[in-house]
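Residue strings, one per chain:
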Amino acid sequence: MSTGPTHDHRAEGKRKRRGLVPVWAALGMRAFRRSFWCGCFSCDSGGRDFAWVTLLLTLVMTMTLVFVGTRIGFLDRLADTLIGNIEPNGVPVWVTSHWDNQRGIDATLLQKLGEVDSAAAPVGGGVDGTTGRGRVATVTVFPYRQLDKSSPGVQLPGQQVWKGTAPFAGWAIYPQDPLWRLAASGSARLGISYEDEQSPWLGLPLEVVLSQAQFHRHFDYAAYREAVGSFLAERKRPPLPATLDWSDPARALETIWLKVTVSQEERLLPFKVRWVSHIPAMEPVAFLFPLNTYHALLAAYHLPDLRYQPENEGRGDSLQDHRRLTQPDYPREAISQHAACVQRESEGAGGDGSSAMTRKKCPPPPLLARLSEGKKEEGRIQAWKGEWDTLNHDRNHQVWVPCQRLSRGDAVRQALCAGSGEEGSVFAPWDLTHAGLAFSSVHLFIPNAAHLAQTIERIQQIRTADGHQAFNIHPTYLDAMSRFNLLSDMLGSLVPAFAGSFLALLTALLFAQVGGVIDRRRNHFGILMSRGFSWRAVYAKVILQTFFAAACGGVVAVFGLVPALRWFMMRAFGLVLDRYRELLPPDHGLEIMPLSWQPIALTVGGVALAVVLVAVILLLRIPLWWRTTPSDLLHGNYVHPDQRPT
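Parameters at a glance
- Residues numbered from 1 in each chain as written.
- Predicted model: local features only at pLDDT ≥ 70, side-chain atom pairs only at ≥ 80, totals over all residues.
- Heavy atoms only, no water.
- 1 Å grid on protein atoms, 1.4 Å probe; cavity = no way out; pocket = protein on both sides within 12 Å on 5 of 7 lines; lining within 4 Å.
- Points joined across faces, edges and corners; volume = space filled by probe spheres on them.
- Helix = DSSP H or I, 4+ residues; strand = E, 2+ residues; numbered from the N terminus.
- Nonpolar A, V, L, I, M, F, W, Y, C, P; charged D, E, K, R; others polar.
- Pairing = 2+ DSSP bridges.
- Axes fitted to C-alpha atoms, helices over the stretch in contact; angles between N-to-C directions.
- Parallel < 35°, antiparallel > 145°, perpendicular 65-115°, else oblique.
- Left-handed = near helix turned anticlockwise from the far one by under 90°.
- Contact = heavy atoms within 4.5 Å.
- Salt bridge = Lys/Arg side-chain N within 4 Å of Asp/Glu carboxyl O.
- Buried < 20%, exposed > 50% of the residue type's maximum accessible area, 1.4 Å probe, protein only.

Visitor: Would you take a moment to explain empty space enclosed by the protein for this structure?
Guide: Over the atoms, a rolling probe the size of a water molecule traces out where space has been left empty. Taken as a whole and assessed by the stated rule, the structure comprises two cavities of 30 Å³ or more. In this structure, the second largest cavity encloses a volume near 60 Å³. Along the walls of the second largest cavity sit Phe50, Val53, Val514, Val517, Ile518, Arg521, Phe525, Val542, Gln545 and Thr546, which together make up its complete lining. Mapped by element, the contributors of at least two residues to the lining of the second largest cavity are α3 (49-82), α16 (475-520) and α18 (535-579). Considered class by class, the residues forming the lining of the second largest cavity number seven nonpolar, two polar and one charged.

Encoded structure:
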């Protein structure tokens with residue numbers, strides 16, 4: 001008779017631990033699995049309870065993710081429409097020179113703008129300046145020049161080529177500008193001869209970006225063909241097609257002839273065309289012009305001695321000069337620093353660039369004399385007799401020209417050209433951010449639209465060297481931003497009401513569903529405790545089952561229902577965006593309900609925590625705690641120990 005209890009004790013020990021999985025965990029997983037596949041067990045009397053709990057949590061998570069994704073998508077589309085958003089740089093801010101800033105936006109102010117990134121840069125940016133999702137991690141600054149009424153001018157040939165009241169307006173932008181990348185299929189380069197991204201030179205290519213929407217609306221191809229027909233015939237070039245197929249303009253019009261001011265003469269020049277559906281901007285923009293090429297036109301316009309041939313793309317008659325300027329060991333940095341010092345000291349001396357003090361404070365770089373000596377050893381002391389000069393554009397807003405082509409009163413010419421002869425052996429930088437040529441407008445791109453207000457506040461705090469406010473925000477941009485903030489704040493004011501109502505509904509559903517599950521298992525908990533299970537093991541078993549329900553519901557919602565709903569709504573959403581495509585950047589991603597891992601993790605984790613808390617609260621109300629006995633659960637006659645009869 002003594003072997004019975006010993007046998008029962010050993011069997012109970014085996015049931016409490018089976019390998020590394022506790023018995024309560026094995027029982028919990030088995031009961032949860034049977035809710036979906038009853039097998040030989042009956043599905044009645046609450047057999048499918050956890051299946052219904054899982055379904056409830058799946059629907060709750062799906063609704064939450066739909067609400068969150070819809071709000072994020074709506075704000076993104078709203079920002080893209082009213083303010084703009086160009087990947088991967090982000091939201092542009094239209095910055096102009098303040099009316100108190102008489103000098104314009106020079107290189108120093110551009111550098112200060114580039115440093116306004118402490119509020120806008122996200123945490124965790126990569127070493128290459130991008131985030132893990134490929135987005136630019138810091139603020140980026142891109143100056144530009146408006147060309148509608150500029151000198152030198154860039155116009156269409158003929159007066160009747162551009163119809164309507166909208167002007168033939170264009171922007172001159174740099175090759176790294178996100179607007180140009182839209183037409184370059186992700187490439188930031190302009191010319192086919194300058195493909196090295198690490199090169200310090202931008203080149204002077206003849207390429208333009210044309211807006212298909214603006215040209216289709218205003219461009220009179222017949223008048224254009226008539227205006228350039230005689231010119232092409234004189235140069236024995238093939239005539240233009242009789243008509244222009246707007247279904248494929250990139251194939252029908254690969255080259256466009258524009259009337260450009262070169263020096264003081266208007267000339268027709270051929271430009272390679274890159275087409276985009278439209279140019280996203282807050283004003284109608286018909287074309288984009290390479291700013292580096294336009295700076296070369298500015299140099300030829302303001303420097304009478306410079307002989308610039310645009311069709312050579314900066315390569316003069318001397319191939320040796322072009323190679324010498326672009327070779328890696330050319331002292332470009334040293335000459336730039338020397339020229340900047342000369343300009344600074346000359347301005348401080350009242351324009352007397354030939355003063356001995358200036359030469360003392362800005363000694364010429366040692367390599368400059370070596371260049372001149374090397375040139376003299378070649379026996380080319382005679383004046384240069386070529387027809388066209390060599391010039392190029394670097395990445396620091398400077399056009400490099402032969403030293404002798406600078407203005408005769410230029411302090412840099414007097415400092416650099418002394419002793420170099422008339423052969424033009426030294427190239428000098430012509431700064432495009434001083435002497436009345438500074439920029440008046442820039443685009444500053446912010447990676448995250450949520451940091452717009454902080455960034456604009458920082459921009460308005462920047463001061464010039466004499467203490468004046470440096471920048472304004474364009475009124476058109478401020479108006480669009482105010483409209484965006486109004487709608488965003490209105491939507492934000494509704495969030496607490498929706499969130500509170502949804503939370504109350506979720507709480508009621510969880511208490512009703514989970515409460516029924518626990519009530520139907522009250523006797524089962526009593527049996528487990530009579531077999532040696534502690535109240536902690538019962539709690540752990542229920543928490544494990546509710547966690548499984550939340551995890552399965554999250555997987556089905558994230559990878560099943562939400563993608564299905566997104567696919568279902570994508571067709572109608574795409575049609576709407578296609579109807580208003582001119583309000584969005586070209587090739588904009590038509591993603592509806594954009595969800596990153598943060599809102600998904602917060603939603604799934606929040607719902608899982610809520611259902612676990614509800615289960616714990618209901619277990620405490622049974623009540624099930626350390627003073628509970630099996631009979632209390634089996635017979636439902638729980639009495640507080642202090643009130644039990646002795």
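Next comes the rest of the description.
Visitor: Can you walk me through the sheet that holds strand β12 (residues 398-402) in this structure?
Guide: Across a sheet, strands are paired by hydrogen bonds formed along the backbone, either parallel or antiparallel in direction. The antiparallel open sheet is built from three strands, whose spatial order is β11-β12-β13. Both outer strands of the open sheet, β11 (392-393) and β13 (427-431), are each paired with one neighbouring strand and no more. Here β12 pairs with β13 via five bridges, running antiparallel. Note that in β13 the partner of Trp400 across the bridge is Pro429.

Visitor: Explanation requested: the packing of helix α2 (residues 23-34) against α18 in the structure shown.
Guide: Each pair of packed helices can be summarised by the angle the axes make with each other and by the distance between the axes. Here α2 crosses α18 at 40 degrees, and the two axes come no closer than 9 Å. Between α2 and α18, the interaxial angle falls into the category oblique. Of the two possible hands of crossing, α2 and α18 adopt the one that is right-handed. Of the residues in α18, those touching α2 at Trp24, Ala25, Leu27, Gly28, Met29, Ala31 and Phe32 are Ala537, Ala540, Lys541, Leu544, Gln545, Phe548, Ala549 and Cys552.

Visitor: Could you clarify how one ought to interpret the environment of Ala227 in this entry?
Guide: Topologically, Ala227 is positioned in helix α7 (residues 221-234). Spatially, the C-alpha atoms of Ala227 and Leu156 are 9.4 Å apart, while their sequence positions differ by 71 residues. Not counting residues within four places of it along the chain, the set of residues in contact with Ala227 comprises Pro157 and Gly158.

Visitor: For this particular structure, what's the right way to read the pattern of salt bridges?
Guide: This structure, assessed with the given rule, holds eleven salt bridges. Where Glu266 meets Lys259, a salt bridge forms, and the shortest distance between an N and an O atom there is 4.0 Å. Lys259 gets classed as partly exposed once you look at its relative accessible area, which sits at 24%. A salt bridge links Arg405 to Asp389, with the shortest nitrogen-to-oxygen separation between them at 2.9 Å. With a gap of 16 residues between them, Arg405 in the loop between β12 and α14 (411-416) and Asp389 in the loop between α13 (366-377) and β11 connect regions that are remote in the sequence. Judged by relative accessible area, Arg405 falls into the buried class, the value being 16%. Several salt bridges share partner residues, and in doing so they unite Asp49, Arg520 and Arg521 into one network.

Visitor: Honestly, the sheet that holds strand β3 (residues 91-97) in this entry has me stumped. Any pointers?
Guide: On the basis of which strands lie adjacent, the open sheet formed by ten strands has the order β5-β8-β9-β7-β10-β6-β4-β14-β3-β15 and mixed pairing. The strands lining the two open edges of the sheet, one partner per strand, are β5 (154-155) and β15 (471-473). Here strand β4 (residues 140-146) pairs with strand β14 (residues 441-446) via five bridges, running antiparallel. Across the sheet, the residue bridging to Val141 is Leu444, located in β14. Relative to β4, helix α4 (residues 107-114) is tilted by about 140 degrees, and along the sheet it contacts β4, β14 and β15.

Treat this as a map of the structure, not an account of what it does.
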